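Below are the chains, spelled out letter by letter.
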Amino acid sequence: EGYMDAISLYQRGITNVVASLGTALTDAQGRLLRKNSEQVILGYDADGAGQTAIMRGMEILKNMGIDIRVLQISGAKDPDEFVVNYGPDKFKRCMDDAISVVEYKVKVLKKNLNIDNVSDKIKFLNEIAKVLSEVDNTIEREIYIDKISRTYSISKEAIEAEINKKIYKNTANPKTLERT
């Protein structure tokens, strides 16, 4: 998040790194990132503010045509501490294994709900349908539907039906009847 973190990573061989200077990634920073890269891996602190910053950063970057990934590290409070503790090679492997926006949102949703509880599982799947309804690429959406169907023992048809409801709800224009 800070320039000292970025400098420390750079000194340890992680050279494609920038700092948003706090948890507030701006539109201007997003445009600069897009101008210089096709993929951005968000790696903020592991605390609540850092995780909130990831969600905000995804929202800013999602309409810029950037392949957004989220860094997953454990055993450290931030990327700089991780590199100091485990070395740049292990960090680079974590970068290679960074997860997609959809996978990150699924992980966050799953963490906050008890999937073994029927009500929570229904809520989870409805939220997942919202997330997947925002995926424009049909092939990408199909891959996620297949994975979620297998993982949570829900038919693809049921998931697709919920996604289609969300898509239709977002695109439908309410029509008013006129008296003649």
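Scroll up to find the structure.
Residues numbered from 1 in each chain as written. Predicted model: local features only at pLDDT ≥ 70, side-chain atom pairs only at ≥ 80, totals over all residues. Heavy atoms only, no water.

**Things to note about the pattern of salt bridges**
For step 1, the next point in the chain: With the rule as written, the count across this model stands at 10 salt bridges.
For step 2, the next point in the chain: Note that Glu-134 is salt-bridged to Lys-105, the shortest N-O span being 3.9 Å. Separated by 29 residues along the polypeptide, Glu-134 in the loop between α7 (118–133) and α8 (138–152) and Lys-105 in helix α6 (residues 101–112) bring together distant segments of the chain.
For step 3, the next point in the chain: For Lys-105, a relative accessible area of 14% translates into the label buried.
For step 4, the next point in the chain: Of the charged contacts, one joins Asp-146 and Arg-150 as a salt bridge, the two residues approaching to 3.2 Å between their closest N and O atoms. Of the two residues, Asp-146 and Arg-150 are both situated in helix α8; the distance of 4 residues between them amounts to about one turn of the helix.
For step 5, the next point in the chain: Overall, the relative accessible area of 24% leaves Asp-146 in the partly exposed class.
For step 6, the next point in the chain: Judged by its relative accessible area of 58%, Arg-150 falls in the exposed class. (Salt bridge = Lys/Arg side-chain N within 4 Å of Asp/Glu carboxyl O. Helix = DSSP H or I, 4+ residues; strand = E, 2+ residues; numbered from the N terminus. Buried < 20%, exposed > 50% of the residue type's maximum accessible area, 1.4 Å probe, protein only.)

**A word on the pairing of strand β1 (residues 39–42)**
For step 1, the next point in the chain: Burial along β1 is one-sided: Val-40 and Leu-42 are buried, while Gln-39 and Ile-41, pointing the other way, are not.
For step 2, the next point in the chain: Where β1 and strand β2 (residues 67–70) come together, 4 bridges link them in parallel fashion. Note that in β2 the partner of Leu-42 across the bridge is Val-70.
For step 3, the next point in the chain: Each parallel crossover has a hand, and for β1 linked through helix α3 (residues 48–61) to β2 it is right-handed. (Pairing = 2+ DSSP bridges. Right-handed = clockwise from strand over helix to strand, strands pointing away.)

**A short note on the side chain of Asp-80**
For step 1, the next point in the chain: Tracing the sequence through the fold places Asp-80 in helix α4 (residues 79–86).
For step 2, the next point in the chain: Arg-12 provides the closest opposite charge to the buried, unpaired Asp-80, separated from it by 4.2 Å.
For step 3, the next point in the chain: Setting aside residues up to four positions removed in sequence, Asp-80 forms contacts with Asp-5, Ser-8, Leu-9 and Arg-12. (Lys, Arg positive; Asp, Glu negative; His and termini not counted. Contact = heavy atoms within 4.5 Å.)

Purely geometric numbers; function is a separate question.
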